[in-house]
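What the coordinates show
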Amino acid sequence: TGSTRPQRMLKAVQKNATKGDPESVISAIDYYCRHREWAMNVGDEKGLILDSVLTEVNPGTALELGTYCGYSTIRIARLLSPGSKLITVEFNPDFAAVARQIIAYAGLQDKVTLVEGPSGDLIPKMKERFGIKSFDFVFLDHWKDRYVPDTKLLEDCGLLRKGTVLLADNVICPGAPEYLKYVKNSAHYESRYYKSNLEYTTVEDGLEKSVFLG
Ligand SMILES: Nc1ncnc2c1ncn2[C@@H]1O[C@H](/C=C/CNC(=O)c2cc([N+](=O)[O-])cc(O)c2O)[C@@H](O)[C@H]1O
Ligand SMILES: [Mg+2]
């Protein structure tokens, strides 16, 4: 049987990036996905918005829902201050296996905890398993119909605090209409849309940043 897209992406990283250099891993993935084979990474254009929001928040504890191959995991982890932690959740074991190798290749494994399993099961265990009081930053990039239920679950589990920033990918393409309605109509969030393009294309997409007001 042939290789998978994530496996080919990993090969491209091992061939073209410098071990321990996150920027070169990011560039190698972006080059591969732009010129060889598209993949659903947040990408270089939306990645700059992710970088700027992340730098502004400077989270001590961050959560990512939907690791995939670890591209945004690296974008986030490379900007974390010493001692800060990123927990990333992925339920596909094949994707998780590739992501672990890409994260390690970038030399960021000490800042990242990749947890395998469905977000719906893992979110309620965050406090007991990882000693998390609350998250300062959450990046939502998993199945789009999970954005609302998982946001509600984070609220119910007391994992959001006044000022926690949620950043959601793909609110336009493929789209997360229920999520946009939820955060925009809720008195508990202050939201704004960052217009951009779908990774490696000229199709419109964007990120929605929502601050939890408590
Ligand atoms: N409940 C859950 N718990 C844990 N892991 C979960 C999960 N639901 C999904 N995942 C994982 O998160 C990733 C899914 C991403 C969906 N994105 C997408 O479908 C997507 C599509 C396009 N697109 O089609 O252009 C562009 C994009 O940027 C996209 O993020 C996959 O790695 C999947 O295994
Ligand atoms: Mg996405």
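Read on for an overview of the structure.

The rules behind the values
Residues numbered from 1 in each chain as written. Chains lettered and ligands numbered in written order. Predicted model: local features only at pLDDT ≥ 70, side-chain atom pairs only at ≥ 80, totals over all residues. Heavy atoms only, no water. Pairing = 2+ DSSP bridges. Helix = DSSP H or I, 4+ residues; strand = E, 2+ residues; numbered from the N terminus. Axes fitted to C-alpha atoms, helices over the stretch in contact; angles between N-to-C directions. Contact = heavy atoms within 4.5 Å. Near = heavy atom within 4 Å. Polar contact = N/O pair within 3.5 Å; in protein donor to acceptor, adjacent residues only side chain to side chain. Areas by Shrake-Rupley, 256 points an atom, 1.4 Å probe, with all protein chains shown as cover. 1 Å grid on protein atoms, 1.4 Å probe; cavity = no way out; pocket = protein on both sides within 12 Å on 5 of 7 lines; lining within 4 Å. Sits in = over half its atoms within 2 Å of the grid points. Nonpolar A, V, L, I, M, F, W, Y, C, P; charged D, E, K, R; others polar.

For the rest of this paragraph, the subject is the sheet that holds strand S6 (residues 189–197). Read across the open sheet, the 7 strands follow the order S3-S2-S1-S4-S5-S7-S6; overall the sheet is mixed. One side of each edge strand has no neighbouring strand; the edge strands of this open sheet are strand S3 (112–116) and S6. Strand after strand, the sheet turns through a mean of 15° between neighbouring axes, direction not considered. Along the sheet, helix H3 (residues 43–57) contacts strand S4 (135–140), strand S5 (160–168), S6 and strand S7 (204–212); its crossing angle with S6, the most-contacted strand, is approximately 150°. Against the sheet, helix H5 (residues 93–105) engages strand S2 (85–90) and S3, with an angle of about 170° to S3.

Negative phi is the rule for most residues except glycine; trans is the rule for most peptide bonds. A cis amide bond, omega 5°, links Cys173 with the succeeding residue Pro174. With respect to the element layout, Pro174 can be found in helix H9 (residues 171–175). Here the phi dihedral of Asn58 falls at roughly 45°; this positive angle occurs in a residue that is not glycine. Unusually for a residue other than glycine, Tyr68 sits at a positive phi of about 55°.

All right, on to the site of ligand 1 then. Glu90, Ser119, Asp141, Asn170 and Glu199 are the nearest of the 22 residues found near ligand 1. At 2.9 Å, a side-chain N or O of Lys144 approaches an oxygen atom of ligand 1. Between Asp169 and ligand 1, the recorded distance is 3.2 Å, taken from a side-chain N or O atom to an oxygen atom. Within the complex, 89% of the 690 Å² of free accessible area of ligand 1 lies under protein. The cavity where ligand 1 resides is the largest pocket. By residue class, the composition of the shell around ligand 1 is 10 nonpolar, 6 polar and 6 charged.

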